[in-house]
Amino acid sequence: MANTTTNEVFDSFESSFQDKCLIPSDLELVWLKNAVARYSIECEDISFNEDTMEFDSPLSQYAIATLGQFMKVLYQEREWSKVNKRVSISGKDFGIDATGSQKTAARYELEYNSDKADEMIAHLKTTAYV
């Protein structure tokens, strides 16, 4: 069985949302490194070679999906930050905040994705009853 490539993780990440924006590959690589670090701390040690863009061993599809979910949380944190930085206009007698519902929606989506990532890593851990 061949080693897992980073493109397999990128595909898992990119297939999890329908946005039409292009994400720079350098940014995806940073998110992947952060995802690998989190996975290595919370579940089991994995590493990949940045020169060959391959992991040192084959990963299960669930591990690939978990790394993709970690990347999605990082993506969503960036989106939430972008929404929160949009300008709101408020004056003495009036206020315009067209992003109020967008901020709430972005926060809920971030919380959902973060909870899903936590749940996925919990499924990968060995239970205490074994």
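Residues numbered from 1 in each chain as written. Predicted model: local features only at pLDDT ≥ 70, side-chain atom pairs only at ≥ 80, totals over all residues. Heavy atoms only, no water.

What to know about the overall build of the protein chain
We count it as follows: Helix numbers and strand numbers start at the N terminus; a helix is a DSSP run of H or I with at least 4 residues, a strand a run of E with at least 2. We call a residue buried when its accessible area falls under 20% of the maximum for its residue type, exposed when it is over 50%, and partly exposed in between, using a 1.4 Å probe and counting protein chains only. When checking whether two residues touch, look at their non-hydrogen atoms; a contact exists if any pair is within 4.5 Å. To be clear on the numbers: accessible area is Shrake-Rupley with a 1.4 Å probe, and residue cover counts the displayed protein chains and nothing else.
In terms of helices and strands, the protein chain carries 4 helices and 4 strands. Put simply, the protein chain runs from its N terminus to its C terminus through helices and strands in the order α-α-β-β-α-β-β-α. Counting every position in the protein chain, which comprises 130 residues, the buried fraction comes to 32%. Partitioning the contacts of the protein chain with sequence separation of at least 6, the portion at a separation of at least 24 is 67%. For the protein chain, the computed accessible surface area is about 8500 Å², with 51% contributed by carbon and sulfur atoms.

Points about the side chain of Ser12
Of note, Ser12 is situated in helix H1 (residues 6-14). You can call Ser12 buried: its relative accessible area is 18%. In contact with Ser12, not counting residues within four places along its chain, are Ile64, Ala65 and Gly68.

Quick word on the pattern of salt bridges
Under the convention used in this document: Take a side-chain nitrogen of Lys or Arg and a carboxyl oxygen of Asp or Glu: if they are within 4 Å of each other, that pair is a salt bridge.
This model, assessed by the stated rule, comprises 5 salt bridges. For Arg107, the salt bridge is made with Glu111, and the minimal N-O distance between the two is 3.3 Å. Residue Arg107 and its partner Glu111 are located together in helix H4 (residues 100-124), separated by 4 residues, close to a single helical turn. A residue is classified by how much of its surface remains accessible, and Arg107, at 30% relative accessible area, is partly exposed. Taken together, the shared-partner salt bridges in this structure form one network comprising Arg38, Glu42 and Asp118.

Focus: the confidence of the model for the protein chain
Convention followed: Note: pLDDT gives the predictor's confidence per residue, expressed from 0 to 100.
Put simply, the protein chain has an average pLDDT of 87, and 88% of its residues get 70 or more. Within the protein chain, the element-level pLDDT minimum falls on strand S3 (residues 89-90), averaging 59, and the maximum on helix H2 (residues 25-42), averaging 95.

Some points on the packing of H1 against helix H3 (residues 61-84)
Our working definition: To define axes, lines are fitted to C-alpha atoms, for helices over the stretch in contact only, and angles between the resulting N-to-C directions are given on a 0 to 180 degree scale. Note on angle classes: values under 35 degrees are labelled roughly parallel, values over 145 roughly antiparallel, values of 65 to 115 roughly perpendicular, and the remainder oblique. A crossing counts as left-handed when the near helix is turned anticlockwise from the far one by less than a right angle, and as right-handed when that turn is clockwise. Residue type decides the class: Asp, Glu, Lys and Arg count as charged, Ala, Val, Leu, Ile, Met, Phe, Trp, Tyr, Cys and Pro as nonpolar, and the leftover types, Gly among them, as polar.
One can describe the packing of H1 onto H3 by two numbers: an axis separation of 8 Å at closest approach and a directional angle of 55°. With respect to H3, the element H1 is oriented oblique. When the axes of H1 and H3 are compared, the crossing they make is right-handed. Here Glu8, Val9, Phe10, Ser12 and Phe13 of H1 lie close against H3, whose contacting residues are Ile64, Ala65, Leu67, Gly68, Met71, Lys72 and Tyr75. Among the residues forming the contact of H1 with H3, the class breakdown is 8 nonpolar, 2 polar and 2 charged.

Focus: H1
Filter applied, for reference: To obtain the arc, one takes the directions from the helix axis to the C-beta atoms.
Taken residue by residue, H1 has Thr6, Val9, Phe10, Ser12 and Phe13 as its buried positions. For H1, the angular spread of buried residues about the axis comes to 160°, placing them on one side. Here the buried face of H1 lies against H2, strand S1 (48-49), strand S2 (54-55) and H3.

A word on the environment of Ile121
Structurally, Ile121 is set in helix H4. Ile121 gets classed as buried once you look at its relative accessible area, which sits at 4%. If sequence neighbours within four positions are ignored, Ile121 has contacts with Tyr39, Glu42, Cys43, Thr66 and Phe70.

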